[in-house]
Amino acid sequence: MQPKTKERLSNFRRANRRMPRRRMDIPTDKLVYKNPELLAKFTSETGKIIPRRITGVSAWIHRKIVREIKRARAVNMM
């Protein structure tokens, strides 16, 4: 079944494209709130957390990154 218009088809393809290559270079033991230099790689200049589809990390690592960023914010390290 095809979408009705070309615009819907392009939106469908854009939403369902493949993830970028997985990043495996992140040491999970270094992902702690006391390491704001590493966590800053996953935030934008305005402080927003960069989504997983952009960073290419796995889901469980991304959840850990988000948790640690929020902890670092709570203790004013970020």
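Please refer to the structure higher up on the page.
Here's what I pulled together on the structure shown here. (Residues numbered from 1 in each chain as written. Predicted model: local features only at pLDDT ≥ 70, side-chain atom pairs only at ≥ 80, totals over all residues. Heavy atoms only, no water.)

### Overview of the overall build of the protein
Okay, step 1: When its secondary structure is counted, the protein shows four helices and zero strands.
Okay, step 2: Going from the N terminus to the C terminus, the protein shows its helices and strands as α-α-α-α.
Okay, step 3: By the compact-globule yardstick of 12 Å for 78 residues, the protein is too spread out, its C-alpha radius of gyration being 16 Å.
Okay, step 4: Taken across its 78 residues, the protein has 24% of its residues classed as buried.
Okay, step 5: Put simply, of all contacts in the protein between residues at least 6 apart along the chain, 57% involve residues at least 24 apart.
Okay, step 6: Accessible area of the protein: about 6,500 Å², with a carbon and sulfur share of 52%.
Okay, step 7: Within the protein, one finds 22 positive and 6 negative side-chain charges whose respective centroids are separated by 10 Å. (Helix = DSSP H or I, 4+ residues; strand = E, 2+ residues; numbered from the N terminus. Rg over C-alpha atoms; globule rule 2.2 N^0.38 Å. Buried < 20%, exposed > 50% of the residue type's maximum accessible area, 1.4 Å probe, protein only. Contact = heavy atoms within 4.5 Å. Areas by Shrake-Rupley, 256 points an atom, 1.4 Å probe, with all protein chains shown as cover. Lys, Arg positive; Asp, Glu negative; His and termini not counted. Charge placed at Lys NZ, Arg CZ, Asp CG, Glu CD.)

### Quick look at the nonpolar core
Nonpolar side chains in soluble globular proteins generally cluster together in the buried interior.
Okay, step 1: Residues Ile-26, Leu-31, Leu-38, Leu-39, Phe-42, Val-57, Ile-61, Ile-65, Ile-69 and Ala-72 constitute the largest nonpolar core, which totals 10 residues.
Okay, step 2: Looking at this core element by element, the count peaks at four residues for helix 4 (residues 59-74).
Okay, step 3: If near-sequence neighbours (up to four positions away) are discounted, Leu-38 is found in contact with Lys-30 and Leu-31. (Core = buried A, V, L, I, M, F, W, Y, C linked by side-chain atoms within 4.5 Å.)

### Description of the pattern of salt bridges
Okay, step 1: Inspection of the entire model under this criterion finds one salt bridge.
Okay, step 2: Residue Glu-68 is joined to Arg-71 by a salt bridge in which the shortest nitrogen-to-oxygen separation is 2.9 Å. Taken together, the residues Glu-68 and Arg-71, both in helix 4 and three residues apart, mark about one turn of the helix.
Okay, step 3: Among the residues examined, Arg-71 registers a relative accessible area of 42% and is labelled partly exposed. (Salt bridge = Lys/Arg side-chain N within 4 Å of Asp/Glu carboxyl O.)

### A few points about unusual backbone geometry
Okay, step 1: The residue Asn-76 is not glycine, and still its phi comes out positive at about 60 degrees.
Okay, step 2: As for its placement among the helices and strands, Asn-76 is situated in the segment after helix 4.
Okay, step 3: A relative accessible area of 68% means that Asn-76 is categorised as exposed.

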